Amino acid sequence: MKELFRLEKKPIKGLLWLEWAVLAYALATTVFILFTYTRLHQPNQMLWGRAQVLLMTLALWGAYRLLPCRLMILARVAGQLFFLGWWYPDTFELNRIFPNLDHLFATWEQNLFGFQPALTFCQDWSSAIVSELLSLGYVSYYPMIAVVVLFYFCCHYEQFLRTAFIIVASFFCFYAIFICLPVAGPQFYYQAVGTDQIAQGVFPQLGDYFDRLAFDVLNRDLSLPIPGWKQGFFYKLLIEAHDAGERPTAAFPSSHVGVATVLMWLAWEARSLKLFFSLLPLAVLMFFATFYIQAHYAIDAIAGVLAGTLLYFALRGIYRGDTT
């Protein structure tokens, strides 16, 4: 406990690498907003949100400068992790101005598997046990992040800031991809075109369908009901999380699977078998849960593993350390 409040002899004077990653993404998307201002439905709100992130970042930096200790470092990291959920629906506001690409990904899925795993998996494995296990895997997303971050903070503090940077920067890399690739995912695409057509291997283009519905995206039932055992505890948690922030965006690649892959690499790097094998079952369940609940195509989950692995090694190589 004393280490939390012990003043650092050589405090970090500038912003942390993860804070620079946040601000770089905020700046890039701000420029995007300004250039597409008239196409967006709530640009002022989006700009104000970015201003709030900047103010929070500077406030936490100032608090750390007054009390440079580990607790304030943790507060700076936690502040950025807390806002990650806010950035996610923001991608829909930006990518919906581009033509929807779900028909391409559904076609590739069909060509690869000969059917739509997101359509049939939940039907073939509809038992309560399977539903609860996969729901557990999906809702373990943020707890897994918290566990890895706190593990490094408590047990490998010398690598804590690098770990936090890799996780936060991974999120923003995925968010940048989501803006450029407007793929809504099966739950929205199947609902829009009809599951009968999907079952027959017909995948119509939607064009600006979601752009036209942007005003109603929170007020209309645009997605299929999430499959699963409706009385299940973890299923109910999944529904609450889904209703709180889901949008027709961010399908390819799966950031859930991608970030979980990053976490698994970080757990392996920590050489903690307890941590690694505690997280591994959750990561595997999350992989299958993504297309079981029809949030993703199976190729999204596969791409998530590849993208997560690439990001882990790339960001690990980029990081040069937070110094005084």
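Reading the values: rules and limits
Residues numbered from 1 in each chain as written. Predicted model: local features only at pLDDT ≥ 70, side-chain atom pairs only at ≥ 80, totals over all residues. Heavy atoms only, no water. Axes fitted to C-alpha atoms, helices over the stretch in contact; angles between N-to-C directions. Helix = DSSP H or I, 4+ residues; strand = E, 2+ residues; numbered from the N terminus. Parallel < 35°, antiparallel > 145°, perpendicular 65-115°, else oblique. Left-handed = near helix turned anticlockwise from the far one by under 90°. Contact = heavy atoms within 4.5 Å. Salt bridge = Lys/Arg side-chain N within 4 Å of Asp/Glu carboxyl O. Buried < 20%, exposed > 50% of the residue type's maximum accessible area, 1.4 Å probe, protein only. Phe/Tyr/Trp six-rings, centres within 6.5 Å; stacked < 30°, edge-to-face > 60°. Lys NZ or Arg CZ within 6 Å of the ring centre and 35° of its normal.

Peer 1: I would appreciate a short explanation of the packing of helix α2 (residues 17–35) against helix α5 (residues 84–95) in the present structure.
Peer 2: Between α2 and α5, the least distance of the axes is 12 Å, while the angle of their chain directions is 25 degrees. When the axis of α2 is compared with that of α5, the two are roughly parallel. Crossing of α2 against α5: the hand is left-handed. Contacts between α2 and α5 involve V22, Y25, A26, T29, F32 and I33 from the former and W87, T91 and L94 from the latter.

Peer 1: Can you help me understand the pattern of salt bridges in this one?
Peer 2: It is possible for side chains of opposite charge to pair when their charged atoms get near one another. Taken as a whole, this structure holds eight salt bridges when the rule is applied. One salt bridge in this structure joins R50 and D90, with 2.6 Å as the shortest N-O distance. Separated by 40 residues along the polypeptide, R50 in helix α3 (residues 43–66) and D90 in helix α5 bring together distant segments of the chain. We note that R50, like D90, is buried.

Peer 1: Would you mind showing me how to read the packing of aromatic side chains here?
Peer 2: What describes a pair of aromatic rings is the distance from one ring centre to the other and the angle between the planes of the rings. Under the defined criterion, the tally for this structure stands at 39 aromatic pairs. Grouped by ring-pair contacts, the aromatic residues Y25, F82, F83, W86, W87, Y141, Y142, F171, F172, F174, Y175 and F178 constitute a single cluster. A cation sits over an aromatic face here: R70 above Y157, 4.0 Å from the ring centre.

Geometric descriptors of this kind do not, in isolation, establish any biological role.
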